[in-house]
Amino acid sequence: MASFLPSHIDQAAVFALLGLWHLLNTLRNYVTKPSAFRCRTWFPVPVAGTLKFLELWVLLFIVVVFVFNQIMRARADVMLGVIQTAHLQRFQHAVFASFFLLYVVVALLSEQSRVLPLPHGALHATFALGFTVELLVFHFGHHAGDNLESFVHMLMQIILLFLSLLMYLEILWPHSFLLSTARCMVLLFKGTWFGQIGLLINMPYATPLGCKMSSDDFPVCPAGDVNHRARSIQVLIFGLQMIAIVAFTYVAYAVLILLCRTPSGRKGFYDQLQYVDLEESDQSDEGSSLAEPFFKEAIPVIHQAQKSLSRRKSSNPRTGNTKEQQVISVSSPSSLQNKAYP
């Protein structure tokens, strides 16, 4: 999104870094305190003051530069009031980028100044609308045709579809770690796939065999086997990027768990995570046994059986000393715990 980087490489760098930042912060928040985890659209820098909102200010600067750059390259159309076909995509880019600009401004007003208090899910919905509009623009008014350019942007539409869907689901389940992690992975995937499109546009070595660069700065492949091979290679790269992102997520999660372990001899995070529910129940009834609720329920039943056996014994004096006449004595839950049963 900055003019000093090649086309699509700038967008790849922004979304990849943003997705990586969100992914690592999401994993860290869950590892450090899983019981208090909550989905977020932005993450504060761990410093005091305005730098806490550095992510939002950086995004604001990048989006403003991007929108300004797109409009300035089509300023002749703005002056004439007519959008030419050659500049149509620039206005499309400016439209869906404006949704991200709206999201950043609303987030700053809500989070930093508290001028605009928002209900739950408002920031998620605003952010997701930007990706939804981008999806609609790509699907209905961007890169029409059956060439390689339209095919790689069709794969981008799949990424945008899942990204929008996951963000809307986060509104319904704001404490879902899996949804938040998947959304961050897809956001990172959006950046890496933009990078692949940028390589096709700017790097001659990335041009598939048998294809040539066109006047539109994108490889054009003849119909037939050459076009099929070029598409298949893009699908392979698409799958490899997905595998790499999933593997990286697992590795990052494992590393963060190891970093959060306590010194040897003490229970680490992973052990605490497995028994967190039991520990919380112990805190409410400190010093009691986990089996005590069971014995508290069993004691009245045993006493009732004791009374029934006593009545039967008094009503039938001829009966000898049988097992049914033995009286069950209960003193405390601890005595029941120590007693062995067949």
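Here the residue numbering is sequential within each chain, running from 1 through the sequence in written order. Per-residue local features are limited, in this predicted model, to residues with pLDDT of at least 70; the limit for side-chain atom pairs, both in listing and counting, is 80 or more; totals at the level of whole chains, interfaces and linings are taken over all residues. Working from all heavy atoms in the structure, the side-chain values ignore hydrogens and water.

Trainee: When you look at the nonpolar core in this model, what are you seeing that I'm missing?
Mentor: Soluble globular proteins tend to bury their nonpolar side chains together. Membership of the largest hydrophobic core comes to 68 residues, with the highest contact counts inside it found for L56, Y103, F131, M156 and W193. Strands here mean DSSP runs of E at least two residues long; helices mean DSSP runs of H or I at least four residues long; both are numbered from the N terminus. Residue assignment for this core shows that the elements contributing at least two residues are α1 (9–32), α2 (54–72), α4 (88–111), α5 (122–141), α6 (148–172), α7 (177–202) and α8 (225–259). In contact with L56, other than residues within four places in its own chain, are W42, Y103, V104, A107 and L108. For this analysis, a nonpolar core means a set of buried residues of the types Ala, Val, Leu, Ile, Met, Phe, Trp, Tyr and Cys, connected via side-chain atoms within 4.5 Å. A 1.4 Å probe rolled over the protein chains alone gives each residue an accessible area, and that area as a share of the maximum for its type sets the label: buried under 20%, exposed over 50%, partly exposed in between. Whether two residues are in contact is decided by their heavy atoms, any of which lying within 4.5 Å being enough.

Trainee: Where do I start with the packing of aromatic side chains in this structure?
Mentor: The relative placement of two aromatic rings is captured by the distance of their centres and the angle of their planes. Classification of ring pairs uses Phe, Tyr and Trp, with its six-membered ring standing for Trp, and accepts pairs whose centres are within 6.5 Å; under 30 degrees between planes counts as stacked, over 60 as edge-to-face, and the remaining range as tilted. Per the counting criterion, the structure on display carries 15 aromatic pairs. Measuring from ring centre to ring centre gives 6.1 Å for F15 and F194, while their planes differ by 15°; the resulting arrangement is stacked. Residue F15 is located in helix α1, and its partner F194 is located in helix α7; the two are separated by 179 residues in the primary sequence. An identical accessibility class is assigned to F15 and F194; each is buried. With 3.9 Å between their ring centres and 15° between their planes, Y30 and F177 make a pair best called stacked.

Trainee: I'm lost on the environment of H8 in this one. Help?
Mentor: By the secondary structure assignment, H8 is in the segment before α1. Taking the relative accessible area as the measure of exposure, H8 reaches 12% and is therefore buried. The sequence separation of H8 and L200 amounts to 192 residues, and the corresponding C-alpha distance is 9.8 Å. H8 has contacts with H153, F194, I197, G198 and I201, leaving out every residue within four places of it along the chain.

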